[in-house]
Amino acid sequence: MKRRHLGLLAAALIAAPAFAQAQTVPVGAIEILSGPAAAYGIAIKAGMELALDEINQKGVLGGQKIALTVEDSAGNKDQAINAARKLIGRDKVVAIIGPTLSNEMFAVGPVTNERKIPTLGTSTTATGITDIGPYIFRTSLPESDVIPVTLAKAMTRGVKTIALMYANDDAFSKSGFDVMKAAAEKAGLNIVTIDSFGSKDTDFSAQLTKIKGLKPDAVGISALVEPVSGVLLQARQLGFGKETLFIGGNGSNSPKLGAIAGAAADGLIVGSPWFIGKTTDGNPAFVEAFRAKYKVDPDQFAAQAYDAMKIMAIAIDKAGAADPEKIATSLGKVQFSGVMGPFAFTDHRDPATAAGVVVLTMQDGKFTILQ
Ligand code: 1QQ
């Protein structure tokens, strides 16, 4: 009897190393962690990793931990494609979160879609993202859902005429401009001029001088945070004051705007599905946990990524296996309520509801609700 017990114990001990090497589920992310747009990707990575702390307490698929590998794209399309190839080939990821920019998704999406790896954008807002293919999803609201709300709010502040500016070398910036133009026309705003620039430009004086002469009530800018900051700084130098309302798109939703432009960013307005005081289930706890872990406030990009990581974990769990095709199927069916509010995908893998968009204004480097 005693002997038999020892035999069982020995067998258990021999088997132990196999148990110790618990299986993990490899998930990849492609985000901008360096270069001028790094503020977005750094916030997204922080949001994902905070969610992962919680997810991995229980794990997925009966206790397996998600192992997240985050690759830096530096905002560069080729680097983003290489990152996708590495994640799929080397790390055998079962799903990818990101990339950060629509510009990158239009390059990476066709690659991951072809490899049948579910790919979830958390910040990609251009028109046509999910048209890339059936494995491309996004949780971020497209600009077409947000910009009309922002313009409607501007009109309640007396805006009747608007000048539009956009970066012509970035897919999000161009798409956001198309949306702004269509929404302005639909709302009956008078578009006094349209001017473009390159995302790396630092001199916007020709466009701004022309716009100043036309005295529009508002200037709509569709670009990433660095060029928007540059436009605002130069606009103030050229004498634009409070009489002109500056309106941004999703590129302006980063506190980096205030960090670069300082007081020049004061008064800019931007629509967002999230703000720090949002009272949805879980948001106050998220804000508190984020502050505790990182010693800074979360931004919209961190909040979106936090929910997206949880949505991905649910999809993996519901798939019943670490299998990309099964995860793609279950991802489309996830019903979730997170810090952004209730969430489900449309049949076309976009967010099903655009409820909860608020218009924010920047003051002293912080966003507050525009009353
Ligand atoms: C896009 C965006 C950017 C502002 C994300 C950082 O909305 O590229 O679609």
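Colleague: Would you mind going over unusual backbone geometry in detail, with residue names and values included?
Modeller: The step from glycine 98 to proline 99 runs through a cis peptide bond, and the omega angle for that step is -5°. Following the sequence through the fold, proline 99 ends up in the loop between strand S3 (96-97) and helix H4 (102-114). One non-glycine residue, leucine 61, lies in the positive phi region at around 50°. By the secondary structure assignment, leucine 61 is in the loop between helix H2 (38-58) and strand S2 (65-72). Here the phi dihedral of lysine 215 falls at roughly 50°; this positive angle occurs in a residue that is not glycine.

Colleague: Hey, could you go over the domain arrangement of the protein chain for me, with residue numbers and the actual values?
Modeller: Domain boundaries assigned for the protein chain yield domain 1 (3-141 + 279-344) and domain 2 (143-272). A combined buried area of about 1,400 Å² lies between domain 1 and domain 2, and 54% of that area is made up of carbon and sulfur atoms. At the boundary of domain 1 and domain 2, one finds zero salt bridges. At the boundary of domain 1 and domain 2, one finds eight residue pairs in polar contact (both at pLDDT 80 or more).

Colleague: Kindly report on helix H10 (residues 283-294), identifying the contributing residues and their values.
Modeller: For H10, which comprises 12 residues, the first-to-last C-alpha distance of 16 Å matches the rise-based estimate of 16 Å (1.5 Å per residue) to within 8%. Against H2 and helix H11 (300-319) lie the buried residues of H10. In the stretch just after H10, lysine 295 is the one whose phi turns positive, near 65°.

Colleague: Can you break down the site of the ligand residue by residue, with the values?
Modeller: Around the ligand sit 13 residues, and of these Ser102, Ser123, Thr125, Phe172 and Asn250 come closest. Serine 102 is positioned such that a nitrogen or oxygen atom in its side chain is 2.4 Å from an oxygen atom of the ligand. Summarising the interface, the protein chains cover 100% of the accessible area of the ligand, which totals 290 Å² for the free molecule. Split by domain, the residues of the shell around the ligand number at least three in each of domain 1 (3-141 + 279-344) and domain 2 (143-272).

Thresholds applied
- Just so you know, the residues in each chain are numbered from 1, in the order the chain's sequence is written.
- Per-residue local features are limited, in this predicted model, to residues with pLDDT of at least 70; the limit for side-chain atom pairs, both in listing and counting, is 80 or more; totals at the level of whole chains, interfaces and linings are taken over all residues.
- For side-chain calculations, the full set of non-hydrogen atoms in the structure is used, while hydrogens and water are omitted.
- Helix numbering and strand numbering both begin at the N terminus, where a helix is a DSSP run of H or I of at least 4 residues and a strand a DSSP run of E of at least 2.
- Bear in mind that the domain bounds are from an automatic or database domain assignment.
- By convention, the term buried area covers the 1.4 Å-probe accessible surface removed from two parts as they join, with the contributions of both added.
- By definition here, a salt bridge exists when the distance from a side-chain nitrogen of Lys or Arg to a carboxyl oxygen of Asp or Glu is within 4 Å.
- Counting of polar contacts relies on pairs of N or O atoms within 3.5 Å, with two restrictions inside protein: one atom must be capable of donating a hydrogen and the other of accepting it, and residues adjacent in sequence are counted only when both atoms are side-chain atoms.
- Residue count minus one, scaled by 1.5 Å, sets the expected span of a helix.
- Residue contacts follow a heavy-atom distance rule, with two residues in contact if any of their heavy atoms lie within 4.5 Å.
- Here, proximity means that at least one heavy atom of the residue falls within 4 Å of the molecule or strand.
- Methods summary: accessible areas were calculated by the Shrake-Rupley approach with a probe of 1.4 Å, and residue burial reflects only the protein chains presented.

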